Amino acid sequence: MPHTTTPDGVGIAYQVQGDGAAPLLLLAGQANNHHWWDSVRGDFHGVRSTITFDYRGTGESDKPDLPHSTELFALDVIAVLDALGIERADVYGTSMGGRVAQQLAARHPERVRALVLGCTSPGGPHAVERTNDVRRSLVQTRAGAARRALLELMYTPAWLAANPGPYRTLGDPGMPAHAQRRHLAASNQHDAWQLLPGIGAPTLVVHGTDDLLNPAANAPLLAERVPGARLHLIPGARHAYFEEFRAVASPLVLDFLTTVTQR
């Protein structure tokens, strides 16, 4: 697997698939590696090549026990794009990946051609936080209870019944504990509210209406804050809308990217 080295000396593993001419960068959720996208990245191939990477702390990347932030993850993205010789890419970030995408588009606008923000939030005091009931469900100590709670926040019961796994969105099982803590801190400390009005890339905000992990009320906040952004809510979808509702989400994203980049 190819690697690049960031300016602070961290090795980052990256992956390129597909034979489309235009690059699409896919950014995964918190404490996840590139396998987050395994089931859907093929939806873009033929039209796009897809680029993923393993965040520092995950997968085949280095795992330093040093402070992380969404701004730092965006710099890691720049290192990957530089290694591939890509000046500008379309960017699709979901969950924490959407937070990283906000930093990337706001701080490095010359590298982002078009932007999709999925199931994410602006962070900080303006964000709509998950409820205490949701938080408690994710820290249950009874064997398997927290994992089941996370599954039910990601997918609908009907989808879970029809799809017994494996599930690629529940976190990188190989992450050390210090890396999990660093990822949690990076996501929790994200606050891009003041940066969002400076995003100039055409932007689509996508969210499931039934997302309780990252409440759907964050979607209109983002769409109103980013100039000219479009908003699309997917009825009945939970956090992993991009996988369970891929028949809706993938064509939606691809149509948006194709339309705005042909102007």
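Scroll up to find the structure.
Each residue is numbered by its place in its chain's sequence as written, counting from 1. In keeping with the model being predicted, local features are shown solely for residues with a pLDDT of at least 70 and side-chain atom pairs are shown and tallied solely at 80 or more, while totals for entire chains, interfaces and linings include all residues. Calculated side-chain values reflect all of the structure's heavy atoms, with hydrogen atoms and water omitted.

Quick look at the overall build of the protein now. Under the DSSP-based scheme used, a helix requires at least four consecutive residues in state H or I and a strand at least two consecutive residues in state E, with every element numbered from the N terminus. When helices and strands are tallied, the protein shows 9 helices and 8 strands. In terms of overall dimensions, the protein has a C-alpha envelope of 50 × 40 × 35 Å along the principal axes. Residues counted as buried form 55% of the 263 residues belonging to the protein. In this analysis, two residues are considered to be in contact whenever any of their non-hydrogen atoms come within 4.5 Å of each other. Counting contacts in the protein only where the partners sit at least 6 residues apart, residues at least 24 apart contribute 75% of the total. Classification of residues uses two cut-offs on accessible area relative to the type maximum, computed with a 1.4 Å probe and protein chains only: under 20% is buried, over 50% is exposed, and between them is partly exposed.

This next bit is on the packing of aromatic side chains. Aromatic rings from Phe, Tyr and Trp, taking only the six-membered ring of Trp, are treated as a pair when their centres fall within 6.5 Å; an angle between ring planes under 30 degrees marks them as stacked, one over 60 as edge-to-face, and anything in between as tilted. Counted by the stated rule, this structure contains 9 aromatic pairs. Measuring from centroid to centroid gives 4.4 Å for Tyr 155 and Trp 159, while their planes differ by 15°, and the two rings are stacked. Judged on exposure class, the residue Tyr 155 and its partner Trp 159 are both buried. A ring pair is formed by Tyr 241 and Phe 242, whose centres lie 5.6 Å apart and whose planes are at 90°; its orientation type is edge-to-face. On the accessibility criterion, Phe 242 (1% relative accessible area) is buried. Feature note: the residues Trp 36, Trp 37, Phe 44, Tyr 92, Tyr 241 and Phe 242 constitute an aromatic cluster, connected by ring pairs.

Moving on: helix α4 (residues 145-154). Within α4, 7 of the 10 residues are buried, leaving the element largely enclosed by the surrounding structure. Structurally, α4 contributes buried residues whose contacts are with α3 (132-137), α5 (157-162) and α8 (241-244).

Let us now look at the environment of Thr 58. Among the structural elements, Thr 58 can be located in the loop between β4 (48-53) and α1 (70-84). The class of Thr 58 is buried, set by a relative accessible area of 0%. A C-alpha to C-alpha distance of 19 Å links Thr 58 and Arg 147, two positions 89 residues apart in sequence. Sequence-distant contacts of Thr 58, defined by excluding residues within four places in its chain, comprise Ala 31, Asn 32, Asn 33, Lys 63, Asp 172, Met 175 and His 183.

We now examine the sheet that holds β4. The strand order across the open sheet built from 8 strands is β1-β2-β4-β3-β5-β6-β7-β8, with neighbouring strands paired in mixed fashion. Edge positions in the sheet fall to β1 (3-5) and β8 (230-234), since each of these pairs with one other strand and no more. Each strand of the sheet is rotated relative to its neighbour by a mean of 25°, with strand direction disregarded. When DSSP finds two or more bridges between a pair of strands, those strands are recorded as paired. The pairing of strand β3 (residues 22-27) with strand β5 (residues 89-94) spans 4 bridges and is classified as parallel. Following the sheet pairing, Leu 24 is matched in β5 by Asp 90. Comment: axis = line fitted to C-alpha atoms, over the contacting stretch for helices; angle = value between 0 and 180 degrees taken between N-to-C directions. Across the face of the sheet, helix α2 (residues 96-107) comes into contact with β3, β5 and β6 (112-118) while running at roughly 145° to β5.

Across the 6 residues of strand β7 (residues 203-208), 6 count as buried, placing the element largely inside the fold. Residues Thr 203, Val 205 and His 207 line one face of β7 and the alternating positions Leu 204, Val 206 and Gly 208 line the opposite face, and both faces are buried.

In this structure, Pro 166 follows Gly 165 across a cis peptide bond, with omega equal to 5°. Secondary-structure assignment places Pro 166 in the loop between α5 and α6 (177-188). With a phi angle near 55°, Ser 95 is a residue other than glycine that sits in the positive phi range. Mapped onto the elements, Ser 95 comes out in the loop between β5 and α2. The backbone of Cys 119 sits at a positive phi, close to 45°, despite the residue not being glycine.

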